[in-house]
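Structure assessment
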Amino acid sequence: MSFNRILEFFSSLLNKFRGNTAVYNSLTYIEDLVPKVGPFVKIAGDIIVGITPTSIDDATWAFIKSKYPQLFDGSNPDKDVLKLYALGIATDLVQQRFPGASTTVARAAAQIAYLVQKNK
């Protein structure tokens, strides 16, 4: 799915929810975030495959290690669990960079950014 198709999708959603200010504002924010959160999705993916990212600060790295200890304790979670961890990490990174983003908005933006990256 191309980025243009995603923009078309959002445009159609925005038109459907023009009367609901809260939903409309959330969708608009997600649309704005998607092109900005790709690097966070990549960082989360790197962490999941065992690459220590050099592009995050020590405090963020410590936070991730404390919030997701199962990734670092030697256990071997299945791939679906790892995908959930990656989404959680990407969501946390988005919220750290964009503090006004709710968990729902940050998660949606990360998922859509992942979809765009995966299908390039």
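In short, a report on the structure. (Residues numbered from 1 in each chain as written. Predicted model: local features only at pLDDT ≥ 70, side-chain atom pairs only at ≥ 80, totals over all residues. Heavy atoms only, no water.)

Observations concerning helix α6 (residues 103-118)
With 16 residues, α6 should cover 22 Å at 1.5 Å per step; its first-to-last C-alpha distance of 22 Å lies within 8% of that length. All of the buried residues in α6 are V105, A106, A108, A109, A110, I112, A113 and V116. (Helix = DSSP H or I, 4+ residues; strand = E, 2+ residues; numbered from the N terminus. Expected span 1.5 Å × (residues − 1). Buried < 20%, exposed > 50% of the residue type's maximum accessible area, 1.4 Å probe, protein only.)

Focus on the packing of aromatic side chains
Ring pairs (aromatic) are described by centroid distance and by the angle formed between their planes. Under the counting rule described, the total for this entry stands at two aromatic pairs. Here W61 and F72 contribute two aromatic rings whose centre-to-centre distance is 5.6 Å and whose plane-to-plane angle is 80°, an arrangement assigned as edge-to-face. Here the residue W61 occupies a position in helix α4 (residues 58-67), and F72 occupies one in the loop between α4 and α5 (79-97), the gap between them amounting to eleven residues. Ring centres 5.9 Å apart and planes at 70° place the aromatic pair Y68 and Y85 in the edge-to-face group. Taken together, the residues span a long stretch of sequence, with Y68 in the loop between α4 and α5 and Y85 in helix α5 at a distance of 17 residues. With respect to burial, Y68 and Y85 carry one shared label: buried. Lying across the ring of F98, R97 places its NZ or CZ 4.9 Å from the centre. (Phe/Tyr/Trp six-rings, centres within 6.5 Å; stacked < 30°, edge-to-face > 60°. Lys NZ or Arg CZ within 6 Å of the ring centre and 35° of its normal.)

Regarding the side chain of D92
Topologically, D92 is positioned in helix α5. Owing to a relative accessible area of 12%, D92 belongs among the buried residues under this scheme.

A few points about helix α2 (residues 21-33)
Over its 13 residues, α2 runs 18 Å from end to end, which matches the ideal 18 Å to within 8%, given 1.5 Å per residue. For α2, the set of buried residues is L27, I30 and L33. For α2, the angular spread of buried residues about the axis comes to 125°, placing them on one side. (Arc of directions from axis to C-beta.)

Observations regarding the packing of helix α3 (residues 38-48) against α6
For the pair α3 and α6, the least separation of the axes is 9 Å and the interaxial angle reads 80°. Between α3 and α6, the angle is such that the two are roughly perpendicular. Between α3 and α6, the residues in contact are G38, P39, V41 and K42 and A110, A113, Y114 and Q117, respectively. Per-class residue counts for the contact of α3 with α6 are five nonpolar, two polar and one charged. (Axes fitted to C-alpha atoms, helices over the stretch in contact; angles between N-to-C directions. Parallel < 35°, antiparallel > 145°, perpendicular 65-115°, else oblique. Contact = heavy atoms within 4.5 Å. Nonpolar A, V, L, I, M, F, W, Y, C, P; charged D, E, K, R; others polar.)

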